[in-house]
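One-letter residues, chain by chain:
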Amino acid sequence: TLPLLPSAMNKNGTHQAAVFYLVADYTLGVGMFGVLPGCYVTGVHDRCNALPVQYWLKRGEVKHLAPGTGKLRAETRISHEDAQKLRLQLVNKGRGEYTGTVQISQDRRIVAEATHTMGIYADVPRAAGVRMNLFQAQNMK
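On a predicted model such as this, the values are computed, not experimentally measured, just so you know.

Visitor: What should I look at first to understand the nonpolar core in this one?
Guide: Nonpolar side chains tend toward joint burial in soluble globular proteins. If you look at the biggest cluster of nonpolar residues, it comprises 26 residues, and the most contacted ones within it are Phe 20, Met 32, Leu 36, Val 53, Leu 86, Ile 104 and Ile 120. If you list the elements that add at least two residues to this core, you get helix H1 (17-34), strand S1 (53-64), helix H2 (80-93), strand S3 (95-106) and strand S4 (109-122). Sort the elements by how many residues they give to this core and H1 lands first, with six residues. Apart from the residues within four sequence positions on either side, Phe 20 is in contact with His 15, Val 62, His 64, Gly 68, Leu 72, Ile 104, Val 111 and Ala 112.

Visitor: Please clarify how the packing of aromatic side chains should be interpreted in this entry.
Guide: Given two aromatic rings, one states the distance between the centres and the angle between the planes to describe the pair. Applying the stated criterion across every chain yields a total of two aromatic pairs. Geometrically, the ring pair formed by Phe 33 and Tyr 55 is edge-to-face, given 5.3 Å between the ring centres and 80 degrees between the ring planes. Of the two residues, Phe 33 is situated in helix H1 and Tyr 55 in strand S1; the sequence distance between them amounts to 22 residues. Centre to centre, the rings of Trp 56 and Tyr 121 are 5.5 Å apart; their planes meet at 50 degrees, and the pair counts as tilted. Within this pair, whereas Trp 56 is found in strand S1, its partner Tyr 121 is found in strand S4, the two being separated by 65 residues in sequence. The exposure class assigned to Trp 56 is partly exposed, which follows from its relative accessible area of 38%.

Visitor: What should I look at first to understand the sheet that holds strand S2 (residues 73-76) in this one?
Guide: Think of a sheet as strands paired side by side through backbone hydrogen bonds, with each pair either parallel or antiparallel. Ordered by their spatial adjacency, four strands build an open sheet running S1-S4-S3-S2, and the pairing between neighbours is antiparallel. Each edge of the open sheet is held by one strand with a lone partner, namely S1 and S2. The average angle at which neighbouring strand axes cross in this sheet is 25 degrees, direction not considered. Where S3 meets S4, 12 bridges bridge the pair, whose relative direction is antiparallel. Across the sheet, residue Thr 101 finds its bridge partner in S4, namely Thr 115. Along the sheet face, H1 touches S1, S2, S3 and S4 and points at about 135 degrees away from the line of S1.

Visitor: Can you help me understand H1 in this one?
Guide: For an α-helix, the turn length of 3.6 residues means that residues three or four places apart are oriented alike. In this model, H1 (18 residues) spans 26 Å end to end at C-alpha, consistent with the 26 Å of a helix rising 1.5 Å per residue. All buried positions along H1 are accounted for by Val 19, Phe 20, Val 23, Ala 24, Asp 25, Thr 27, Leu 28, Gly 29, Gly 31, Met 32 and Phe 33. The elements touched by buried residues of H1 are S1, S2, H2, S3 and S4.

What counts, and where the lines are drawn
- Residues numbered from 1 in each chain as written.
- Predicted model: local features only at pLDDT ≥ 70, side-chain atom pairs only at ≥ 80, totals over all residues.
- Heavy atoms only, no water.
- Core = buried A, V, L, I, M, F, W, Y, C linked by side-chain atoms within 4.5 Å.
- Buried < 20%, exposed > 50% of the residue type's maximum accessible area, 1.4 Å probe, protein only.
- Helix = DSSP H or I, 4+ residues; strand = E, 2+ residues; numbered from the N terminus.
- Contact = heavy atoms within 4.5 Å.
- Phe/Tyr/Trp six-rings, centres within 6.5 Å; stacked < 30°, edge-to-face > 60°.
- Pairing = 2+ DSSP bridges.
- Axes fitted to C-alpha atoms, helices over the stretch in contact; angles between N-to-C directions.
- Expected span 1.5 Å × (residues − 1).

Written out as structure tokens, the structure is:
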């Protein structure tokens, strides 16, 4: 959920458009982490050896249906089939991609829908001559 705070309002007293984009980014990212075994969703940007994958927003689109004038709720649902495809991409290639929809509502009424595409990759060394450490090797398994 996301409250309407003065710092996030535009001049009309509604949520700024960028807030929708950003909340959809994090909602979909956390949703993707939630369907991957061995990933935790707290501290999603924690750059430590305990987190086996990282993600980034590749592209996104938000369709505004009504102004957000109060407390918002963002929700995404990832099907079992899509979760399986994402897992297989990570196992087979070390990276994957997922496009999902995030519904943003206020008082149970949808005020925006976002379609974001996220890239996800196994957290392994990306430089020539650098080997993965013990934690990274275990996480890949």
